[in-house]
Structure formats: structure tokens, C-alpha cells
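# Fold and geometry: a report
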Amino acid sequence: MQPQPLETLLEGRRSQPHQLIEVLQDVQAQYGYISEEAIRTISKELGVPLVDVYSVVSFYKAFHLNPRGKNVITMCTGTACHVRGAKLLLNQAISQLGVQPGDMTDDKLFTIEHVNCLGACALGPVVTENGSSHHHMSPGKLRKLIDALRARDEKPEQEADHA
Amino acid sequence: MIQYVSMKIDGAIFKVPKGSSVLDVAIEYGICIPHLCHVPNISDLGACRLCIVEHVVEGRSKVTTSCTLRVQEGMVIKSNTQKIKRLRKNIAELLVSQAPNSKAIQDIAVRCGVKTVRYPFRNDNCVLCGRCVRICREQWQAKAIGFVGRGKDRRVKSPFGVKSETCKMCGNCIDLCPMTITPCDGPMKPGEEYLCGKCESQLMEAESAVDQCIMCGLGEGFQCARH
Ligand code: SF4
Ligand code: SF4
Ligand code: FES
């Protein structure tokens, strides 16, 4: 699906500084991240100083300044998950995908992130993949999960190549 | 017409204009309340927490920052109780461990009676006092720099880390930053930070008169609004 242009998202909200969060949320939802260009346009159109827009974007975990992969793998590194080996999971993902948390893999398929608690401590270690949770994870299970996601997402591209 | 209220700081009764802050009153009447982030005529943020006082309401005392506390009729403030001294010393200790590379902050630590630093030195070269951010925003209307990130990752930054188009090159952010005066022996290298405390004479004064302004000259120029 083609993301809606910024122009459309800004419609009816120009010069209304209080609409900042809503506009940012829409941009985040449509594009998966908020680009420098988008931040500059939003600042100009809503009449919010550039530094304030930038502060807000950097403050909330829900907003991202860098593009994110198709699959976002989030590790819980809260106390309970940490005790049950979240570190091993993180290392597994880092070594398997070859990127640091917050960065995107070169094929644009994966981003690893960690959060401080997902609120499901009894089920730890917890990993969420694109919003769906996986409980009692182990490095082995995680490797299979990543492999499965990769197999699923790489296929259509190959088919497209053949066509 | 200016309205006046009467209030008490450390037992002394003052008649002061409505709307002023407790810290301003203390500074004007020569009561030493150490402070760092307060800049005269700029809005107060309450970032450094050094200026804490006890605000006594109906026999119960609340510890709060005096720069953000407005005077009220019949207000009772205690600025140098044992409790405040202990808390303030700890705050100064944290500040100096965060940014030992500033003579201003080293001086504040001396004034607050810090003798040893129990925290690891972080040498972050910024205590997030927000002086730079506020002067840029309020005095110059430039809004070129601001706080970015949150929690332990909070930083002062210009948008995207490049010089802002709105920066007027006034240099006030640098003038007001406590980090711009380095310790007398030069900047400290990472891993070799120490608590300076070299100003022996000032240390003695600090011990004998903790509660009054002694025009100590510590951090002169920008730390204490009295200079
Ligand atoms: S030099 Fe630039 S960033 Fe600093 S206070 Fe002046 S306008 Fe703001
Ligand atoms: S850069 Fe300096 S003035 Fe600005 S917040 Fe940090 S310590 Fe304070
Ligand atoms: S908190 Fe009051 S002067 Fe910094």
C-alpha cells in the first residue's frame, strides 16, 4: 500500500501546534519512521519550532528517526526476562542478523529492539515479533523464528525477480 | 501597584513583592542558598535541585526548590536545617561526579561541604541545567538548541546535530554554561577526575558561615546570581 503523502496528513491541521503528536503518529503509522524532511515540513506547517518537534520525536519510544525493517523483533530485557536469559536472546539476534539494536538489516527485513518490560514477567523471556508475543523463548526458538520470517519474506521477492 | 506579602526565611521576617521567588528574596537579603540553574530574568526550571529549602506548612515541612517556589503571605521557609544541608551536599556530590570538569561545579561542591565523592565520575560535561536552552529560547527567541531524548539519554542538542538555521551566533549559551570555566589545573582527563577542593581559604569560610552570603566569589560570573 502506498503511504499517504505528507500533504494529505497535514490537511486541516496546518498552523495548529497542538496537533503535533497526532500528525507525528500518522506519519509514523504511514511511513514506519519520521524522516528529517518530514520533521522540517511538520515544523513549518504547524508552526512548532524545529527543535521542539525534534525533542518530541526523540522523547517518545513510539516515534523513530530511522527507517525500520519489515519485521521488528523486540526483546524484553526487564528484570524477570533478564534473569531468565534475555541477554542470550539479544546476543542470538545480534549475531544472526549482524546489526545492533535499533538498526535495520541491509535487506530492510529486520530491526532488533529491546524494551524494559512488556508486563508478562511470568512468561519470560518474552519476545514480540511485529506485535505478536512469543513466551518462554530460547536462543534456538528465536533462531527458528527469524529463519521462518526470513523465508517468508524473501520468497515473494524472488518470485518477482523471475517474473 | 506592587503588592507585598510578609514571609519568614530562617526566622527573619521580610516584606517582599508578590510574585517573586523564594530564591530571589534570599539572594536579595544575603541568605546563601546555593543554586546553579537559576539565571536572573529567565524562567526557572528547577533542574539542578541545589536550591532546595524546607517549606513549613502547618507544622509539616516539605522539601522543594526555592527557585520555583513563589512567595505567599505568612510563608515559613527554612533554608539551612541539618536535613537540607545533608540533601544539598548529596546533590552537589552528584553534580560534581557528573561534571567534574567545571570550576563552577567544583566550587559549588566546596560551598556545600562535599569532602569526598562516593559516586563514579562520569565526566559528561553537561549537568542538564538548561541554562543554554532557556537563554536561547527566551532571551534570543532563537530556539536553536533544546533537550533531546529522555531519561539517562537526555542531551542538549540542536535538531539533527547540525547547526540550526535559527542560531543567531550570540554565544550566550556558551557564556552561561557552567562547563566553560575549567578547573585551575586545566581540564581533567577521563579516568583521572578528582574533587578539587583546592581553595582552602574558601573552604574555611564555607564551614564557618554556611548560611550567609559571604560574597565568596565561588564560581563568580555566572554561578551565583548575586555577582
Ligand atoms: S549562539 Fe545560537 S544556540 Fe547559542 S544561545 Fe545564541 S542563538 Fe541560541
Ligand atoms: S550545556 Fe551547559 S548550560 Fe547547557 S544544560 Fe549542559 S551544563 Fe547546562
Ligand atoms: S533548581 Fe533552583 S536553582 Fe537549580
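Residues numbered from 1 in each chain as written. Chains lettered and ligands numbered in written order. Predicted model: local features only at pLDDT ≥ 70, side-chain atom pairs only at ≥ 80, totals over all residues. Heavy atoms only, no water.

What follows covers the overall build of chain B. Each helix and strand counted, chain B has six helices and seven strands in total. What you see in chain B, going N to C, is helices and strands ordered as β-β-α-β-β-β-α-α-α-β-β-α-α. Expressed as a percentage of its 227 residues, the buried residues of chain B come to 46%. Considering only intrachain contacts with a sequence separation of at least 6, the fraction spanning at least 24 residues in chain B is 60%. Summing over all exposed atoms, chain B offers an accessible surface of approximately 11700 Å²; the carbon and sulfur share of this is 53%. (Helix = DSSP H or I, 4+ residues; strand = E, 2+ residues; numbered from the N terminus. Buried < 20%, exposed > 50% of the residue type's maximum accessible area, 1.4 Å probe, protein only. Contact = heavy atoms within 4.5 Å. Areas by Shrake-Rupley, 256 points an atom, 1.4 Å probe, with all protein chains shown as cover.)

What follows deals with the interface of chain A and chain B. Tallying the contact residues gives twelve residues for chain A and 15 residues for chain B. Between chain A and chain B, a total of about 1200 Å² is buried, with carbon and sulfur atoms accounting for 62% of that surface. Among the residues chain A hides against chain B, the three largest losses belong to A:Val51, A:Tyr54 and A:Phe59. Together they make up 48% of the total. The tally of links between chain A and chain B comes to two salt bridges. In this structure, B:Glu165 and A:Arg40 form a salt bridge, with 3.3 Å as the shortest nitrogen-oxygen distance. (Buried area = accessible area lost by both parts, 1.4 Å probe. Salt bridge = Lys/Arg side-chain N within 4 Å of Asp/Glu carboxyl O.)

In the vicinity of ligand 2, the contacting residues are B:Cys126, B:Val127, B:Leu128, B:Cys129, B:Gly130, B:Arg131, B:Cys132, B:Val156, B:Cys177 and B:Pro178. Broken down by class, the residue content of the shell around ligand 2 amounts to eight nonpolar, one polar and one charged. (Near = heavy atom within 4 Å. Nonpolar A, V, L, I, M, F, W, Y, C, P; charged D, E, K, R; others polar.)

With that settled, the discussion passes to the site of ligand 1. Taken together, B:Cys136, B:Ala142, B:Ala144, B:Cys167, B:Lys168, B:Met169, B:Cys170, B:Gly171 and B:Cys173 form the complete shell of residues around ligand 1. In the shell around ligand 1, the residues fall into seven nonpolar, one polar and one charged.

Examined against the element boundaries, A:Arg13 turns out to sit in the loop between helix H1 (6-10) and helix H2 (20-31). With near-sequence residues (within four places) excluded, A:Arg13 lies in contact with A:Gln19, A:Glu22, A:Val23, A:Asp26 and A:Leu46.

Averaged over every residue, the pLDDT of chain A is 87; the share at 70 or more is 94%. Taken element by element, the predicted model of chain A shows its lowest mean pLDDT in helix H7 (residues 139-162) of chain A (77) and its highest in helix H4 (residues 50-59) of chain A (94). (pLDDT = per-residue confidence, 0-100.)

Moving on, we get to the pattern of salt bridges. Inspection of every chain in the model, using the stated rule, returns 13 salt bridges over all chains. Two residues, B:Glu93 and B:Arg118, come together in a salt bridge whose shortest N-O distance is 2.8 Å. With B:Glu93 in helix H2 (residues 82-98) and B:Arg118 in the loop between helix H3 (103-111) and helix H4 (131-139), this pair connects stretches of sequence that are 25 residues apart. Looking at B:Arg118, the relative accessible area reads 58%, which means it is exposed. Overlapping salt bridges, with partners in common, bring together A:Glu7, A:Arg14 and A:Glu45 in one network.

Residues and elements named next belong to chain B. Where strand S1 (residues 4-9) and strand S2 (residues 12-17) come together, six bridges link them in antiparallel fashion. From the neighbouring strand, lysine 8 faces S2, where its bridge partner is isoleucine 13. The hairpin turn running from S1 into S2, its antiparallel successor, is two residues long, and aspartate 10 in that turn takes a positive phi close to 50°. (Pairing = 2+ DSSP bridges.)

With that settled, the discussion passes to the pairing of strand S1 (residues 71-76) of chain A. All names here are of chain A. Extensive coverage of S1 is indicated by the burial of six of its six residues. The alternating pattern of S1 places Asn71, Ile73 and Met75 on one face and Val72, Thr74 and Cys76 on the opposite face, and all of these are buried. Of the pairings in the sheet, the one linking S1 to strand S2 (residues 110-115) comprises six bridges and is parallel in character. What sits directly across from asparagine 71, in S2, is phenylalanine 110. Relative to strand S3 (residues 127-129), S1 runs antiparallel, the two sharing three bridges. Along S3, the bridge assignment pairs threonine 74 with threonine 128.

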